[in-house]
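Coordinate analysis (summary)
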Amino acid sequence: MASDTRESTSISDAAPGLLLRLTRGLLGQFASSDTTADRQAPPLDPRLGPWAAKVKTAANAVEQIAGGSHVFVGTACATPRTLVGALETMPCPPADIELVHFINGGAVPHDEQGRATTRFQHRTFFVGSDIRAAVKQGLAEYVPMSIARVPQLIENGRVRVDVALIQVSMPDEFGYVSLGVSVDVIPAAIAKAKLVIAEVNPAMPRTMGDSMLHIDRIDCLVPVSTPVGEYVHPMTEDQVVEQIARYISGIIEDGSTLQIGLGRVTNAALKYLADRKDLGIHSDVITDAIIPLLEKGILTGRRKTGQRDKIVTSFAVGTRRLYDLIDRNPLFSFQPIDVVAHPTTIAAQHRMVSVTQAFAIDLTGQVCADQLDGEFYGGIAAQGEFLRGASRSLGGKAIICLASTADGGGTSRVKVTLDAGESVTVARVDVHYVITEHGIAYLFGKSIRERAVALIDVAHPKFRAELFAQAQAKGYIPAGQLLKNLHAYPVEEEHTVTLKDKRTVLLRPAVSSDGAEIRNLFHSMSDEDVTTRFFRAVRGLSADDVQRLCNVNFENEVAFVAVAGTRENPQIVAQSCYFIDPSTNLAETAFIVSPPWQGCGLGAALQQRMTEHAKARGVLGFVAEILSLNAHMIKLANAGASNVRVEPNGTTVKVTALF
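Residue positions are given per chain, counting from 1 as you read along its sequence in written order. Only residues with pLDDT of 70 or above have their local features reported here, since the model is predicted, and side-chain atom pairs are shown and tallied only from 80 upward, although totals for entire chains, interfaces and linings are computed over all residues. With hydrogens and water set aside, each side-chain value is computed from the structure's full complement of heavy atoms.

**Some points on the sheet that holds strand E9 (residues 220–223)**
- Between any two strands, pairing holds if DSSP finds at least two bridges. Strands are runs of DSSP state E lasting at least 2 residues, helices are runs of H or I lasting at least 4, and numbering of each runs from the N terminus. Judged by pairing direction, the sheet is parallel, and its seven strands sit side by side in the order E4-E3-E2-E1-E5-E7-E9 without closing on themselves. Looking at the sheet topology across the chains shown, the edges are occupied by strand E4 (140–142) and E9. The mean inter-strand angle of the sheet, taken between neighbouring strand axes irrespective of direction, is 20 degrees.
- Relative to strand E2 (residues 98–101), strand E1 (residues 70–73) runs parallel, the two being bridged by three bridges. Note on definitions: angles span 0 to 180 degrees between N-to-C directions of axes, and those axes are lines fitted to C-alpha atoms, for helices only across the stretch in contact.

**Points about the pairing of strand E32 (residues 621–627)**
- The classification of residues rests on relative accessible area computed with a 1.4 Å probe and restricted to protein chains. Under 20% of the type maximum is buried, over 50% is exposed, and intermediate values are partly exposed. Of all seven residues making up E32, five are buried, and the element is well covered by its neighbours.
- As paired strands, strand E31 (residues 586–593) and E32 are joined by three bridges and run parallel to one another. Residue pairing across strands places leucine 586 opposite glycine 621, the latter belonging to E32.
- One ladder, built from seven bridges, connects E32 with strand E34 (residues 652–658); its direction is antiparallel. When the bridges of E34 are listed, valine 623 appears paired with threonine 656.

**Notes on the packing of aromatic side chains**
- Here is the rule: rings of Phe, Tyr and Trp (six-membered ring for Trp) pair when centre to centre is within 6.5 Å. Planes less than 30 degrees apart are stacked, more than 60 are edge-to-face, and the remainder are tilted. As enumerated under the stated definition, the model contains seven aromatic pairs in all.
- For the pair phenylalanine 102 and phenylalanine 315, a centre-to-centre distance of 6.0 Å together with 85 degrees between the ring planes defines the contact as edge-to-face. Separated by 213 residues along the polypeptide, phenylalanine 102 in the loop between E2 and strand E3 (121–124) and phenylalanine 315 in strand E14 (residues 315–316) bring together distant segments of the chain.
- Since its relative accessible area comes to 2%, phenylalanine 102 is described here as buried.
- With a relative accessible area of 1%, phenylalanine 315 lands in the buried category.

**Quick look at the side chain of arginine 508**
- Within the secondary structure layout, arginine 508 lies in strand E28 (residues 504–509).
- Among the polar contacts listed, one links the side chain of arginine 508 to the side chain of aspartate 514, at a separation of 2.8 Å.
- Contacts were defined at the residue level, with two residues in contact if any of their heavy atoms lie within 4.5 Å. When near neighbours in sequence (up to four residues on either side) are disregarded, arginine 508 contacts Tyr489, Glu493, Glu494, Asp514, Ala559, Phe560, Val561 and Val563. Whenever a nitrogen or oxygen atom comes within 3.5 Å of another N or O atom, the pair is scored as a polar contact, on the condition that within protein one atom can donate a hydrogen and the other can accept it, and that pairs from neighbouring residues in sequence are kept only if both atoms are in side chains.

**Things to note about unusual backbone geometry**
- Here the phi dihedral of alanine 381 falls at roughly 50 degrees; this positive angle occurs in a residue that is not glycine.
- If you check the backbone angles, lysine 502 has positive phi at about 75 degrees while not being a glycine.
- Here lysine 502 lies in the loop between strand E27 (495–498) and E28.
- Judged by relative accessible area, lysine 502 falls into the exposed class, the value being 68%.

**Details of helix H19 (residues 602–616)**
- Here, expected helix span is obtained from the residue count minus one, scaled by 1.5 Å. Between its first and last C-alpha atoms H19 spans 21 Å; for 15 residues at 1.5 Å apiece the expected length is 21 Å, and the two agree.
- Those residues of H19 that sit buried are Leu602, Gly603, Ala605, Leu606, Gln607, Arg609, Met610, Thr611, His613 and Ala614.
- Looking one or two places after H19, you find glycine 618, whose phi comes out positive at around 85 degrees.

**Some words on a nonpolar patch on the surface**
- Residues Phe174, Tyr176 and Met212 make up a contiguous nonpolar surface patch of about 310 Å² in total accessible area.
- Residue position: methionine 212 is located in strand E8 (residues 212–214). Each patch is built from residues that are more than 30% exposed by relative accessible area and take part in no salt bridge. Like charges join if they lie within 9 Å; nonpolar side chains (Val, Leu, Ile, Met, Phe, Trp, Tyr) join within 5 Å. Calculation of accessible area relied on Shrake-Rupley with a 1.4 Å probe; when residues are assessed, cover is drawn exclusively from the protein chains displayed. Only one rule defines a salt bridge in this text: a Lys or Arg side-chain nitrogen within 4 Å of an Asp or Glu carboxyl oxygen.

**Considerations on helix H20 (residues 631–638)**
- Every buried residue of H20 is accounted for by Ile634, Leu636 and Ala637. Projected down its long axis, H20 shows its buried positions confined to an angular sector of 160 degrees, all on one face. Exposed positions of H20 whose direction lies more than 90 degrees from the buried face are Ala631, His632 and Lys635.
- Lining the buried residues of H20 we find E31, H19, E32 and E34. This arc corresponds to the set of directions leading from the helix axis out to the C-beta atoms.

**Remarks on the nonpolar core**
- Within this scheme, the nonpolar core is defined by two criteria: the residues are buried Ala, Val, Leu, Ile, Met, Phe, Trp, Tyr or Cys, and they are joined through side-chain atoms within 4.5 Å. Counting 126 residues, the largest nonpolar core has Ile166, Ile248, Ile286 and Ile290 as its most contacted members.
- With six residues, the single largest contributor to this core is helix H14 (residues 448–458).
- Leave out the neighbours within four places in its chain, and isoleucine 286 touches Ile260, Ile281, Ile311, Thr313, Phe315, Ala316, Val317, Leu322, Ile326, Phe332 and Phe334.
- Listed in part, the 45 residues of the second largest apolar core include Val546, Val558, Ala590 and Leu602.

**Structural notes on the environment of glutamine 335**
- If you trace the backbone, glutamine 335 turns up in the loop between strand E15 (332–334) and helix H11 (337–340).
- For glutamine 335, a relative accessible area of 6% translates into the label buried.
- Sequence separation between glutamine 335 and methionine 208 is 127 residues, and the spatial gap between their C-alpha atoms is 8.7 Å.
- With residues up to four places along the chain from it excluded, the contact list for glutamine 335 reads Val183, Asp184, Asp210, Gln307, Val312, Thr313, Ser314 and Val340.

**As for the sheet that holds strand E33 (residues 643–649)**
- Across the sheet, eight strands lie side by side as E27-E28-E29-E30-E31-E32-E34-E33; this open sheet has mixed pairing. Looking at strand neighbours, the two that pair on one side only are E27 and E33, the edges of this open sheet. For this sheet, the mean angle separating the axes of adjacent strands, direction not counted, is 25 degrees.
- Both strand E29 (residues 557–565) and strand E30 (residues 570–581) contribute to a ladder of nine bridges, which runs antiparallel. Bridging across to E30, alanine 562 finds its partner in alanine 574.
- Sheet contacts for helix H16 (residues 515–523): E29, E30 and E31; angle to E30, the most-contacted strand, approximately 95 degrees.

Note that every value here comes from positions in space, so none of it alone points to a role or purpose.
Next up, the structure:
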């Protein structure tokens, strides 16, 4: 969330979890406001007339705060900056005040050197750019816990709230104000506070849902006339961010319900969903990134299984364009964070997608998302609830994303073990998808060996050999296994094809973590198929045999697989490979197709895919040794070539097909 130079060169710009959710300085991005509390009050707005006795200046209102009070401060773009400013500038402030808050929208004063000059102690659930200096200086304490659990702790007194400082809309004719762009934990704070002071702002939109509060619950009304805080992600052409965003969008299906968060990667992913249908939103926060999808009719919510047709959220961070859209709009339902982020509610949404941005992951799947270089950075927010809820959703996807490197490419974010100062934010048992710019790994239900291999596959290629050696030294990977592919995963080589019987499969390059599914493919074959493929009776595949079929270097060894099913539960139904002979520049080919998938054109699709790949690399043609009785494979070997030579050789034939 800060704008330190380390982040400008990596995805830490793009923020883990709620990490860079208000990145590059909320203080600078939020609209400035006049925090001078004792200026002469303007004429009273007629809408406040019935409650004129409650109307005070900010300076007069904060004078009612007693020493020793625990003061809750409203969140993000609804931070009551005028009230906090009045409290900070009191000639003789009350002693032992503690300010309690989540995301602080520009209310902490700083000097020209960037040091916090707040006069109070702070308790924060998120270490954003505005509070980070105060944490370093010992003026603020970070509480590492889910913000969705905070209302419960406020209610039972574990998090003490005596005073609530909030910002609300103007009252309607019935005396109700709206909490506007931030509901989150405010209802819980108001319910517990003995003193509620509210900035009443005509610029605050009236949001619908559970955001209404009767003015009788407010003790002091402080009229303000300042723009509601605005924030928009800086424009970026970061290729790492864009590639990860493409991967994320690529696994989001029609009818999915999204938690979008504030991270740059998640917001970037939304722009790649322009061809999807009937997406929904159930999210802790919404941003301007949803507006294009709304305008294109993509965000309909029609397939949501809870609160259908509604965009459900707890707070909004964006620009006036978003605020005008949500003002009095029944499409949007703003609700308390403990309601929105309840794991049972999240899990009830079919195809729920949640994305958390991280700083580091180890080869067992432990994730650090709230510390950077030993410093607390960002927070947990409600990511734990969303990850667990999405993982239990029917068709849901719980995603961790991170850049493969940090420090301008100098260090790997995929590590054999997390470093000192990198806490475990997400336990390995809760990790499902892990996405870097080099691919997608799925870890849930996988062994330590399978996790290590899958994560090395999505690490930056220049660190894979080192990670592989470290994993073998720790016993994560067997000593006999080899690492052959040191190239970035070629996502452009993935193709979905529709077969003659209308079934679809994904044709993609093989990766070393495909070993278990390759073995399953072998055992799906009949004895006749095994003899046809291997020219002898083979009862099983050794570890070396499996690795030869999927752990290839993609230089003179190339392998593709055909995958059916979901990414969470993939089934490899066919495999093909070719091995280049440098002396002839011809490649020997081989195929395995599961019996239920034979005769539907899958072999031909793999042959075509390999032919396209080999031609692009300058290979002259294919060579195949085939049993004479295998007419189908002989026909397949003839396909796609202009010059074919068939040479009998006893019980086999040698087919040479030149491109």
